[in-house]
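An overview of the molecular structure
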Amino acid sequence: MSDELDDLKAAMKAATPTPDEKNRVDNLALGQKNFDALQGSRQGARPNDVRRPSGWLISGGRRMFHSLTSRGGLAATTALVAIGIVIVSPQGRSLFTPPTTISNRGESPKMQETPTTAPEPATKPADDALAGAHVPADPYAGATAGQAEGEAVMALERSRAPAKRSADYAQAPSVIAPSPEATSPERLDTEAFSNEDSAPVKRVADEPVSTFSIDVDTASYAVVRSSLMAGQLPPRDAVRVEEMLNYFPYDYPAPDAGAATPFKPTVTVMQTPWNADTQLVHIALQGKMPALDERPPLNLVFLIDTSGSMHNANKLPLLKQSFRLMLGQLRPEDKVAIVTYAGSAGQVLAPTAASERSTILAALDRLEAGGSTAGQDGLQQAYAVAENMSDDGDVSRVILATDGDFNVGLSDPKALEDFIAAKRDSGIYLSVLGFGRGNLDDATMQALAQKGNGTAAYIDTLSEAQKVLVDQLSGALFPIADDVKIQVEFNPAAVAEYRLIGYETRALRREDFNNDKVDAGEIGAGHAVTAIYEVTPVGSPAVLNDPLRYKADEPAGAADDELGFLRLRYKLPGESRSRLIEQPIPNEMVEPGTEQRFGAAIAGFGQLLRGSHYLGNWAWDDAIALANGALGEDPYGYRREAVSLMRLAQSLSQP
Amino acid sequence: MRMETTDEALALAAAGGDRDAFAALLARCYDRIFALAFRLTGSRAEAEDLTQDICAALPAKLRAFRGESCFTTWVYRVTVNAAHDRRRRAASHARAADGWGDWELNRRAAEAEAQEQINWLQRAMRALPPDLRDTLALVLDDELTHAEAGQVLGISEGTVSWRLSEARKKLRALAAEEQGT
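Keep in mind the model is a prediction, meaning the values are calculated, not measured.

It is worth spelling out the overall build of chain B at this point. A count of helices and strands for chain B gives nine helices and zero strands. Along chain B, from the amino end to the carboxyl end, the secondary structure elements read α-α-α-α-α-α-α-α-α. Across the 181 residues that make up chain B, the buried fraction comes to 55%. For chain B, the share of sequence-separated contacts (at least 6 apart) that also reach a separation of at least 24 residues comes to 60%.

If you want it as structure tokens, here you go:
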């Protein structure tokens with residue numbers, strides 16, 4: 001076998017059918033019909049390379065001035081604009097942006113410039129015959145002969161036909177017809193999401209130890225929400241269950257004020273809602289909340305993407321509002337600097353004390369979107385500024401705000417990640433805030449934030465900005481433990497199989513647990529981290545894997561009062577040696593509390609969105625009921641919002 | 001005479017409202033669009049539908065064509081995006097059809113066509129994650145360079161090459177597995 005791709009290529013070539021001839025004719029006619037409806041165009045002379053396109057634009061413009069005044073033309077133009085909007089809105093991306101953004105891609109204005117059909121002298125039949133001879137492939141070449149009579153009426157009829165078509169589209173949540181994001185080649189939808197396949201069920205006899213890094217990112221939940229609110233199920237890869245779990249604040253027991261450890265683990269073994277024969281092991285870590293008055297001064301460098309793609313109302317303008325909210329949380333001794341990147345990187349605001357509010361706000365207001373993105377230069381400059389700002393004991397952090405477009409000016413993503421990792425070791429952290437959809441490069445955002453010991457959050461609304469930048473600001477900005485790793489060893493006497501729900505992108509090798517060089521996630525002040533295993537007890541009918549025939553299971557050790565053993569490693573900020581916490585997991589199911597039940601509901605929600613096959617007949621109704629029964633106090637309404645998202649997803653997933 | 005007019009010139013003229021230019025352009029690129037649609041979806045019926053969608057939407061899309069990129073690259077990008085939209089729509093509706101992932105339906109279609117070759121092809125494509133599949137769909141017929149495929153997908157040339165080597169690895173693993181059983 002020389003090259004696998006050559007084989008594939010040959011097979012593909014053999015398999016590719018020739019297009020159906022009748023469909024071909026129909027489709028070409030359909031395209032032509034839509035073209036006519038859009039243009040109201042008529043036969044033109046054949047263009048060639050000699051004649052410059054600019055000549056066409058001028059004559060088109062002239063024709064427009066002659067024709068726009070006719071009543072029929074105006075009516076047709078209005079109808080066309082209306083179609084534009086009908087076609088655009090089911091796409092739904094734009095539902096949350098003010099109507100002005102629908103047209104800001106130049107779609108509607110251009111429609112008005114369209115040389116609309118208006119009474120002109122009828123084309124001579126001889127011309128038509130000639131044109132038809134030029135284009136033998138087009139069976140409809142002569143179809144416009146004699147069109148001039150009743151031109152306005154026909155234009156309306158023609159525009160009605162595609163309107164009906166777009167009504168067909170409207171029943172589907174998504175269309176291929178122009179969306180504001182997708183009309184120009186530079187604006188095509190280039191979202192990229194980072195995810196792995198769901199972790200499979202593992203046999204304890206084969207692989208008793210499960211190791212992973214914690215994750216406090218929340219971006220996935222916000223992306224899921226923005227998709228659902230726009231009337232679409234999110235792409236499966238956009239759903240990371242652990243980020244959905246960790247989006248919510250939980251009321252877990254916090255470490256005692258005098259405790260040496262910065263966080264407290266709580267383990268609960270409970271009945272699995274979706275499988276009567278398995279159990280959930282719910283592991284919760286609650287970070288302590290240092291007294292806010294004692295927090296060290298903050299140095300923040302906002303690195304703001306002001307490339308042209310940030311122009312949308314849900315990008316740069318939302319970003320400005322968000323940072324305005326955040327400023328209110330800073331204290332006078334904190335310092336703020338702003339660096340922008342777009343084409344060329346530049347410092348917009350020199351390090352300024354947070355007390356000079358008006359100076360900072362003025363600098364924010366001056367930001368405008370334009371140019372292309374040069375992420376790397378901007379990052380380097382932002383880090384340089386942050387280094388100059390650092391005094392001893394300060395916490396320095398670069399906050400990158402972007403729509404994720406790092407395409408231009410970045411030659412090597414790996415080099416960028418290495419750069420960020422090196423800076424992380426020098427004590428400057430990086431957080432990433434994502435804005436807008438369309439070319440959100442979730443994968444890059446994830447990678448950068450993970451390397452930079454920071455969090456990646458996706459901000460789709462002002463209330464999300466409130467959550468990330470105001471309510472949970474201290475968690476986002478003050479790490480209390482770095483490189484937190486979790487390792488669970490299951491007891492083969494008690495557990496036959498297990499699977500970790502979510503955390504696919506955070507899996508670590510077993511030996512990495514004790515290797516302090518291996519990077520992992522960090523816990524911020526007051527953060528809660530949740531991880532859930534689904535375990536199948538020995539002898540349960542839910543065991544999926546048969547025992548091996550040729551390798552007898554090793555006799556299980558003693559202590560079947562233990563389900564497993566939990567090990568946690570973490571570093572205090574600034575330290576390079578990790579510390580260890582160990583505790584056994586009792587083999588005893590308890591009645592789960594509100595927090596645990598809500599966590600299970602969200603884990604179920606995420607798995608339903610990912611189309612997981614571990615859930616059996618457990619469906620949306622069950623998830624909604626479970627979540628509804630576990631709303632708890634919910635002071636910010638996050639959990640109620642999750643329930644309404646589940647309802648939306650339920651309706652959307654109905655065939 | 002007609003062959004001397006480049007796709008780009010036709011596209012610009014069509015974007016400017018020339019009806020004949022559009023007809024000629026669509027007739028010229030129809031087969032390419034269909035072939036790519038098939039490579040993306042792995043099903044003849046899906047490819048026909050997708051091509052129809054593109055024909056319907058192309059007039060409007062063409063207005064955004066500025067001649068900054070090669071027309072083939074541009075129209076391929078439109079096709080790839082339309083395929084993604086279709087997949088998403090299908091996922092919301094039936095939670096099933098994921099192009100090559102819709103294995104059962106394809107298998108039944110394949111039985112009708114009764115070709116061992118197609119079965120293997122479908123197994124191979126099915127074994128690949130969607131982004132590798134899309135990348136393969138673009139480069140397999142040798143029409144696009146890696147750099148151009150990268151432009152279509154909005155990724156770098158390096159990423160295209162990396163994805164191909166990744167696909168090669170996966171195919172090798174698949175072949176080993178098949179020989180093993």
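For chain A, the helix and strand inventory stands at 20 helices and 16 strands. A buried classification covers 48% of the 655 residues belonging to chain A. Within chain A, counting contacts between residues at least 6 apart in sequence, those at least 24 apart form 80% of the total.

Attention now moves to the nonpolar core. Residues A:V301, A:F302, A:L303, A:V398 and A:A627 are the most contacted members of the largest nonpolar core, which totals 126 residues. Counting residues per element, this core draws most heavily on helix 18 (residues 594–609) of chain A, at eight residues. When residues are assigned to domains, this core turns out to be shared by domain 2 (202–290 + 480–546 + 562–652) and domain 3 (295–419 + 431–448) of chain A, each giving three or more. If near-sequence neighbours (up to four positions away) are discounted, A:L303 is found in contact with A:V339, A:Y341, A:G378, A:L379, A:A382, A:V398, A:I399 and A:L400. Membership of the second largest hydrophobic core comes to 65 residues, among which are A:L8, B:A13, B:I33 and B:L136.

Moving on, we get to the packing of helix 1 (residues 7–15) of chain B against helix 2 (residues 19–41) of chain B. All names here are of chain B. Across the interface, helix 1 lies against helix 2 with an axial gap of 8 Å and an inter-helix angle of 135°. As summarised for this structure, helix 1 and helix 2 are arranged oblique, according to the angle between their axes. The hand of the helix 1/helix 2 crossing is left-handed. Mapping the contact onto sequence places D7, L10, A11, A13 and A14 in helix 1 and A21, F22, A24, L25 and R28 in helix 2. Of the residues that constitute the contact of helix 1 with helix 2, the class distribution is eight nonpolar, no polar and two charged.

Residue and element names in this part refer to chain A. When the terminal C-alpha atoms of helix 1 (residues 4–15) are compared, their 16 Å separation across 12 residues agrees well with the 16 Å that a helix rising 1.5 Å per residue should span. Along helix 1, the residues classified as buried are L8, A11, M12 and A15. Seen from one end, helix 1 has its buried residues packed into an arc of 100°, which puts them on one side. Of the exposed residues in helix 1, the ones pointing more than 90 degrees away from its buried face are D6 and A14.

Moving on, we come to helix 3 (residues 44–62) of chain B. All names here are of chain B. For helix 3, with 19 residues, the first-to-last C-alpha span of 25 Å sits near the 27 Å given by 1.5 Å per residue. Of all the bends found along helix 3, the most pronounced is centred on A56 and spans about 40°, while P59, a proline, follows it within four residues. Among the 19 residues in helix 3, 16 count as buried, and that is most of the element.

Another aspect to go through is unusual backbone geometry. Residue and element names in this part refer to chain A. A positive phi angle, close to 60°, is found at Y503, a residue other than glycine. The residue Y503 is located in the loop between strand 12 (495–501) and strand 13 (521–524) in this model. The exposure class assigned to Y503 is buried, which follows from the 25 C-beta atoms found within 10 Å.

Moving on, we get to the packing of helix 18 of chain A against helix 19 (residues 620–628) of chain A. All names here are of chain A. The N-to-C vectors of helix 18 and helix 19 enclose an angle of 155°; their axes lie 8 Å apart at closest approach. Considering the angle they form, helix 18 stands roughly antiparallel to helix 19. For the element pair helix 18 and helix 19, the recorded crossing hand is left-handed. For the pair helix 18 and helix 19, the contacting residues are R597, F598, A600, A601, G604, F605 and L608 in the first and W620, A623, L626 and A627 in the second. Here the contact of helix 18 with helix 19 is built from residues that sort into nine nonpolar, one polar and one charged.

With that settled, consider the pairing of strand 14 (residues 528–537) of chain A. All names here are of chain A. The buried count for strand 14 comes to nine of 10 residues, which makes it a mostly enclosed element. Bridge count for strand 4 (residues 279–287) against strand 14 is eight bridges, and the pairing is antiparallel. What sits directly across from V281, in strand 14, is Y533. Note: strand 12 against strand 14, six bridges, orientation antiparallel. Bridging from a neighbouring strand, L500 pairs with Y533 of strand 14.

A word on the environment of A:V223. As for its placement among the helices and strands, A:V223 is situated in helix 9 (residues 219–229). Here A:V223 falls in the buried class, since 24 other C-beta atoms lie within 10 Å of it.

Okay, the sheet that holds strand 1 (residues 202–203) of chain A next. Each strand in a sheet pairs with another by means of backbone hydrogen bonds, the pair being arranged parallel or else antiparallel. All names here are of chain A. Spatial strand order, 1-12-14-4-3: five strands in an open sheet with antiparallel pairing. The outermost strands of the open sheet, each flanked by one partner alone, are strand 1 and strand 3 (263–271). Lying over the sheet, helix 18 contacts strand 3, strand 4, strand 12 and strand 14, oriented at roughly 75° with respect to strand 14.

Moving on, we come to the confidence of the model for chain A. As a note on interpretation, predicted positions should not be read in detail where pLDDT is low. All names here are of chain A. Mean pLDDT over chain A: 73, with 69% of residues reaching 70 or higher. Per-element confidence in chain A is highest for helix 18, whose mean pLDDT is 94, and lowest for helix 5 (residues 100–103), whose mean pLDDT is 39. For residues 41–74, every residue scores under 50 in pLDDT, and the model assigns this stretch 59 contacts once sequence neighbours within four places are set aside. Segment residues 76–188: pLDDT under 50, and 202 contacts once partners within four positions in sequence are set aside and those in other chains are kept.

Further remarks concern the environment of A:P234. Residue and element names in this part refer to chain A. Within the secondary structure, P234 is located in the loop between helix 9 and helix 10 (241–245). Residue class for P234 comes out buried when judged on the 23 C-beta atoms lying within 10 Å of it. Apart from the residues within four sequence positions on either side, P234 is in contact with V223, V224, S227, L228, V239 and L609.

All names here are of chain B. Predicted confidence across chain B gives a mean pLDDT of 77, with 80% of residues reaching 70 or more. For chain B, helix 5 (residues 103–113) is the element with the lowest average pLDDT, namely 51, and helix 2 is the one with the highest, namely 87. Considering only residues more than four positions removed or in separate chains, one finds that residues 94–99, a stretch of pLDDT under 50, has 12 contacts.

Scoring rules and cut-offs
- Residues numbered from 1 in each chain as written.
- Chains lettered and ligands numbered in written order.
- Predicted model: local features only at pLDDT ≥ 70, side-chain atom pairs only at ≥ 80, totals over all residues.
- Helix = DSSP H or I, 4+ residues; strand = E, 2+ residues; numbered from the N terminus.
- Buried ≥ 20, exposed ≤ 12 C-beta atoms within 10 Å, placed from the backbone.
- Contact = placed C-beta atoms within 7 Å.
- Core = buried A, V, L, I, M, F, W, Y, C linked by C-beta atoms within 7 Å.
- Domains from an automatic or database assignment.
- Axes fitted to C-alpha atoms, helices over the stretch in contact; angles between N-to-C directions.
- Parallel < 35°, antiparallel > 145°, perpendicular 65-115°, else oblique.
- Left-handed = near helix turned anticlockwise from the far one by under 90°.
- Nonpolar A, V, L, I, M, F, W, Y, C, P; charged D, E, K, R; others polar.
- Expected span 1.5 Å × (residues − 1).
- Arc of directions from axis to C-beta.
- Bend = angle between axes of the 7 residues up to and from the residue.
- Pairing = 2+ DSSP bridges.
- pLDDT = per-residue confidence, 0-100.

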